[in-house]
Amino acid sequence: SVSIGLLEIQNISAFLFVSRQADQNSKEDFSMETARPFGEFARYTFLSVLGMIALSCYILADTFFVSRSLGTNGLAALNLAIPVYNFIHGTGLMLGMGGATRFSILKSRGESHAADVVYTNTLYFSALFSLLFMAAGLFLAAPLTALLGADEATFQMSCTYLNVLLLFSPAFILNDVFLCFVRNDGNPRLAMIATVVSSLSNVVLDYVFMFPFGMGIFGAVLATGLSPAIGVAIMAPHWMGTSKGFRLTKTGVQADAVKFTFALGFPSLLAQLSSGIVMIAFNTIILRLTGNTGVAAYGVIANISLVVTSIYTGIAQGVQPLISREYGRNHRTLQRQYLKFSLISMAALSAAVYAVIFFFADPIAGIFNSEGSFQLQQIAVTGLKLYFTSVVFVGYNTIISTYFTSVEQAVPAHIVSLLRGLILIIPMALILSSLWGMTGVWLAFPATELAVAAIGLFFSAKDRKRG
């Protein structure tokens, strides 16, 4: 692998410099010690970011093709149904991130059997939640559609999307679980390949099902549901292979394994659940202010936000195995160094992301405005420029929450996730929208993330004082 090759080169270089002066040796040793962690960080996070961006494109591809095929009402119908995807994806991330984090810590301590128990229990609960979501798809799709606020123009399309999406929940959940375990088992490259290929498959299938086949909203959700199944199949050589570091073991449901999986994975679940709840709340507020056109504009912004957030999630999930490993080995300095690398990378990417969104807001909105609606374009452009002033705060909160999860500090991780996901955002949206209308809606998100980032800095300072 690349990291092994670099390590060998560094070792050879160190040997060749033995005969040189002592100060030169010291400089070389220092260079090796700093380059090695950063190289590992770059390898893990780069692959993870690519994978998470690809994963976020599941729904973004639907948004693009639905806007082209079904117009404003189709876009509104899709946006009303998307929160259910957040609930499914959040469950998969909770099980995957929680189980894989605990797996990494146990493996770093040499407790292989306990790690296998965690993996087995993770699959037990994957099956349980999959059955619950499928039952909801079979029996509750119509009531859920009505609850989400669909009107006569959007009801049938939203109901179809929800029904099929829920029936494909086993594929989404297993894909999330295997992505986390395969990445934490030392194979981030395969996890990235699986995610990229499955997402590209979604784009291709979206086009084929919606245009040549004319399958409408059903074609969009069918493509989305098949894509994670493709990802699971691509990762099969690892999770079915004999050389993997995790395997099924004969065990019942173990309270400790379940406790750690749920506790460590809860921030990931909460992030997705809150995203879905926030979308429901925002849709309700926007329907009152500007109707379906405003909801369609919010759909554009919310789905672009999924892609932007996926960059930070990719950094956080990429560095998580490294932080958990150093935490398990009690290497406090390296643990904090990986966090520092994450935050610097996040800040640089945030500046670039906002520059692109600010200067290209008009053409970005135009991509999803197939009917050329002046009102949709105006709402979306203003929203893009205001909503995404939040990017650096979102990045910080995402990374610091995952950091606390990685070092088994569940309480600060839960507090950060709860504040940004539920406790602050909805009251902030209600208050600011009543004061400034749609401008207040767009500013509610950055105001919330800024407040939570201040609290995250407080917890981070306390963590540093622990030594």
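Structure: above.
From a predicted model like this one, the values you see are computed outputs, not experimental measurements.

Peer 1: Tell me what's going on with the packing of aromatic side chains, and back it up with residues and numbers.
Peer 2: A full pass over the atoms with the stated rule returns 29 aromatic pairs. On the numbers, 6.0 Å between centres and 40° between planes, the contact of Phe 38 with Phe 41 is tilted. One end of the pair, Phe 38, and the other, Phe 41, are both in helix H2 (residues 22-108), three residues apart, so they sit about a helical turn from each other. Positioned above the aromatic ring of Phe 358, the side-chain terminus of Lys 385 is 5.1 Å from the ring centre.

Peer 1: Which residues make up the environment of Ser 305, and what are the values?
Peer 2: Note on placement: Ser 305 falls in helix H10 (residues 255-328). On the accessibility criterion, Ser 305 (9% relative accessible area) is buried. The spacing of Ser 305 and Leu 60 is 245 residues in sequence and 9.8 Å in space, taken between C-alpha atoms. Ignoring any residue separated from it by four or fewer positions in sequence, one finds Ser 305 in contact with Tyr 387 and Phe 388.

Peer 1: Could you give me a rundown of the environment of Thr 309, with the residues and numbers involved?
Peer 2: Relative to the helices and strands, Thr 309 resides in helix H10. Residue class for Thr 309 comes out partly exposed when judged on its relative accessible area of 25%. Taking the C-alpha atoms as reference points, Thr 309 and Ser 345, 36 residues apart in sequence, are found 14 Å from one another.

Peer 1: A description of helix H5 (residues 155-167) should follow, citing residues and the corresponding values.
Peer 2: Under the 1.5 Å per step criterion, the end-to-end length of H5 is 19 Å for 13 residues, consistent within 8% with the ideal 18 Å. Regarding H5, the residues found buried are Met 157, Ser 158, Cys 159, Tyr 161, Leu 162, Val 164, Leu 165 and Leu 166.

Peer 1: Please set out the nonpolar core residue by residue, giving values where relevant.
Peer 2: Ranked by size, the top nonpolar core spans 119 residues in total, and within it Phe 282, Leu 384, Phe 388 and Trp 442 carry the most contacts. With 25 residues, H10 is the single largest residue contributor to this core. When sequence neighbours within four positions are dropped, the list of residues in contact with Phe 282 reads Tyr 298, Ile 425, Ala 429, Val 441 and Ala 444.

Peer 1: Account for the environment of Phe 359, with residues named and values stated.
Peer 2: In this structure, Phe 359 sits in helix H11 (residues 332-359). Taking the C-alpha atoms as reference points, Phe 359 and Lys 385, 26 residues apart in sequence, are found 8.8 Å from one another.

Peer 1: Let's hear about the packing of helix H6 (residues 169-184) against helix H7 (residues 188-210): which residues, and what values?
Peer 2: Packing of H6 against H7 leaves a shortest axis separation of 7 Å and a crossing angle of 150°. The pairing of H6 with H7 is recorded here as roughly antiparallel in orientation. Between H6 and H7, the residues in contact are Leu 179, Val 182 and Arg 183 and Pro 188, Leu 190, Ala 191 and Thr 195, respectively. In terms of residue class, the contact of H6 with H7 is built from five nonpolar, one polar and one charged.

Peer 1: Help me get a handle on the side chain of Thr 45, residues and values and all.
Peer 2: For Thr 45, the location among the structural elements is in helix H2. In this structure Thr 45 touches Gly 314, Ile 315, Gly 318 and Val 319, once residues within four positions along its chain are discounted.

Analysis parameters
Residues numbered from 1 in each chain as written. Predicted model: local features only at pLDDT ≥ 70, side-chain atom pairs only at ≥ 80, totals over all residues. Heavy atoms only, no water. Phe/Tyr/Trp six-rings, centres within 6.5 Å; stacked < 30°, edge-to-face > 60°. Helix = DSSP H or I, 4+ residues; strand = E, 2+ residues; numbered from the N terminus. Lys NZ or Arg CZ within 6 Å of the ring centre and 35° of its normal. Buried < 20%, exposed > 50% of the residue type's maximum accessible area, 1.4 Å probe, protein only. Contact = heavy atoms within 4.5 Å. Expected span 1.5 Å × (residues − 1). Core = buried A, V, L, I, M, F, W, Y, C linked by side-chain atoms within 4.5 Å. Axes fitted to C-alpha atoms, helices over the stretch in contact; angles between N-to-C directions. Parallel < 35°, antiparallel > 145°, perpendicular 65-115°, else oblique. Nonpolar A, V, L, I, M, F, W, Y, C, P; charged D, E, K, R; others polar.

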